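Remarks on the overall topology
Listed below are the residues making up each chain.
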Amino acid sequence: MIKNRLIAIVVLFCMLHWNCQTVAPSNQQQTTPLNVILLIGDGMGLAQISAASFTNGGLFLDLFKCLGLIQTSSANDYITDSAAGATAYSTGKSTYNGAIGLGADSSKQITIVEAAEQKGLSTGLIATCSITHATPAAFYAHQKNREMHQAIANDLYPQNIDFIAGSGKPYFNEQLLKAQEYQVHTGTITPTVKVGEKLCWFYNDSINMPKAPVRGPWLKQATELALKQLSNNAKGFFLMVEGSQIDWGGHNKDFNYTNTELIDFDLAVGAALAYAKTHSNTLVIVTADHETGGLSLNAGDLKNKTLSTNYANGHHSGIMVPIYAFGPGAEQFTGTYKNTEVHAKIKALLKL
Ligand code: MG
Ligand code: ZN
């Protein structure tokens with residue numbers, strides 16, 4: 001832990017001069033991004049971020065200068081679920097809880113991934129759970145209920161997503177993936193793959209992925225590999241990265257689970273920021289679909305960096321969640337607004 005904190009502090013020191021934009025607006029080419037990396041911490045509210053920053057001695061998230069607040073309600077419930085939350089980000093439409101890539105009237109809505117593919121951009125999806133789970137699913141599938149994992153998986157084949165990483169292998173047919181020209185890998189991420197290939201990387205042979213202490217820095221490694229893979233396209237890319245299990249810590253009312261998942265997710269944020277630092281045409285956006293657990297931070301030990309916490313319940317809450325942005329167009333993400341507006345902003349910036 002102390003080593004982690006030291007690394008984070010050194011990184012903070014090196015990066016503090018960063019501003020909202022990577023370059024002065026006088027350079028026309030860098031006022032809009034070519035690439036967008038959207039990182040979603042499922043269930044990541046301000047209490048979770050505050051706790052992780054305190055216990056870890058700082059986060060990459062702390063480096064952002066452009067912040068806003070997102071109102072997360074869905075079309076049929078003040079308290080959203082992850083399906084409606086992700087559909088709002090992926091399609092710009094407010095929908096009912098449980099819906100995957102459909103509007104409130106169950107009509108099929110084009111996702112940001114589909115729009116990007118149509119325009120010739122490269123696309124990628126990464127999650128620390130099954131890639132048929134609600135958040136990643138809402139970026140490529142169109143199904144009435146988030147529990148329809150097999151139907152969601154079947155929606156993946158006709159898409160032309162360039163980089164996919166997560167668990168959920170039992171839902172997929174390797175031959176069908178290969179027929180779609182995917183290189184299918186299972187197991188440890190190795191950075192030595194041919195650039196330009198379509199990649200589908202399963203964490204293991206199971207539906208589920210283990211917790212962060214078992215996974216190690218898998219999410220960061222997958223993000224780095226995706227960026228290497230996707231950056232090959234002169235037309236740009238859209239990449240979604242989900243820290244899926246921050247939410248599950250909240251549902252379990254398990255603070256250590258929430259906290260270790262958030263700190264792990266933050267490493268992927270760091271990888272995205274490092275990429276954006278050397279690629280000034282890249283916009284990094286970090287947000288959440290909702291808060292989970294009504295986490296409260298009741299007392300803290302300043303010396304030992306420990307906290308006394310409790311969860312109001314094991315469900316999602318309606319409190320606004322933060323949105324962070326860095327890179328060209330970042331200033332457009334400040335203010336307080338509905339989750340559906342994020343989609344319109346990204347779409348306009350990528351000219352989709
Ligand atoms: Mg999720
Ligand atoms: Zn949840």
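No experiment lies behind these values; they were computed from the predicted model shown. (Residues numbered from 1 in each chain as written. Chains lettered and ligands numbered in written order. Predicted model: local features only at pLDDT ≥ 70, side-chain atom pairs only at ≥ 80, totals over all residues. Heavy atoms only, no water.)

**What to know about the pattern of salt bridges**
Evaluated as defined, the whole model comprises seven salt bridges. A salt bridge links R215 to E261, with the nearest nitrogen and oxygen atoms 2.8 Å apart. Residue R215 is found in helix α8 (residues 212–215), and its partner E261 is found in helix α11 (residues 255–278); the two are separated by 46 residues along the sequence. Just as R215 is buried, E261 falls in that class too. (Salt bridge = Lys/Arg side-chain N within 4 Å of Asp/Glu carboxyl O. Helix = DSSP H or I, 4+ residues; strand = E, 2+ residues; numbered from the N terminus. Buried < 20%, exposed > 50% of the residue type's maximum accessible area, 1.4 Å probe, protein only.)

**A look at the packing of helix α3 (residues 82–91) against helix α12 (residues 340–349)**
Here α3 crosses α12 at 25°, and the two axes come no closer than 6 Å. As the angle between them shows, α3 and α12 are arranged roughly parallel. Judged by the twist between their axes, the crossing of α3 over α12 is right-handed. Counted together, A88, Y89, S90 and T91 of α3 and T340, V342 and H343 of α12 form the full contact between these two elements. When its residues are assigned to classes, the contact of α3 with α12 shows three nonpolar, four polar and no charged. (Axes fitted to C-alpha atoms, helices over the stretch in contact; angles between N-to-C directions. Parallel < 35°, antiparallel > 145°, perpendicular 65-115°, else oblique. Left-handed = near helix turned anticlockwise from the far one by under 90°. Contact = heavy atoms within 4.5 Å. Nonpolar A, V, L, I, M, F, W, Y, C, P; charged D, E, K, R; others polar.)

**Re the coordination of the zinc ion (ligand 2)**
Coordination sphere of the zinc ion (ligand 2), protein contribution only: D247 (OD), D247 (OD), H251 (NE2) and H316 (NE2), at 2.1 to 2.3 Å. Of note is the zinc ion (ligand 2), whose four donor atoms meet at the metal with angles of 59 to 152° in an arrangement that counts as irregular. Along the chain, the residues donating to the zinc ion (ligand 2) fall in the pattern D-x3-H-x64-H. Pair noted here: D247 and H251 are both in helix α10 (residues 246–251), with a separation of four residues, about one helical turn. Under the relative-accessibility criterion, H251 is labelled partly exposed at 33%. (Donors = N, O, S within 2.8 Å, 3.2 Å for Na, K, Ca; no water. Tetrahedral: all angles 85-135°; square planar, octahedral: opposite > 155°, others 65-115°.)

**Focus on the layout of surface pockets**
Put simply, the second largest pocket is a space of about 160 Å³. As for the second largest pocket, its lining consists of 11 residues, and the residues nearest its centre are P33, L34, K235, L350 and K351. Residue classes in the lining of the second largest pocket are distributed as five nonpolar, three polar and three charged. (1 Å grid on protein atoms, 1.4 Å probe; cavity = no way out; pocket = protein on both sides within 12 Å on 5 of 7 lines; lining within 4 Å. Points joined across faces, edges and corners; volume = space filled by probe spheres on them.)

**Some thoughts on the packing of aromatic side chains**
What characterises a pair of aromatic rings is the spacing of the ring centres plus the angle enclosed by the ring planes. Enumeration over the complete set of coordinates arrives at six aromatic pairs. Seen from their ring centres, F139 and F238 are 6.2 Å apart, and the 25° between their planes marks the pair as stacked. Of the two residues, F139 is situated in the loop between α5 (134–137) and α6 (149–154) and F238 in strand β7 (residues 237–243); the sequence distance between them amounts to 99 residues. Accessibility expressed as a relative area gives 0% for F139, which makes it buried. (Phe/Tyr/Trp six-rings, centres within 6.5 Å; stacked < 30°, edge-to-face > 60°.)

**Examining unusual backbone geometry**
Despite not being glycine, K253 has its phi angle at roughly 50°, a positive value. Note that K253 resides in the loop between α10 and α11. At K351, a position not held by glycine, the phi torsion is positive, near 55°. Mapping K351 onto the fold places it in the segment after α12. Since its relative accessible area comes to 52%, K351 is described here as exposed.

**Quick notes on the pairing of strand β6 (residues 198–202)**
The side chains of a regular strand alternate, residue by residue, between the two faces of the sheet. Along β6, five of the five residues are buried, which leaves the element largely enclosed by surrounding structure. As paired strands, strand β4 (residues 163–167) and β6 are joined by four bridges and run parallel to one another. Of the residues in β6, the one forming a bridge with I164 is C200. Here five bridges tie strand β5 (residues 182–186) to β6, and the two strands are oriented parallel to one another. Residue Q183 lies in a different strand from β6, and its bridge partner there is L199. (Pairing = 2+ DSSP bridges.)

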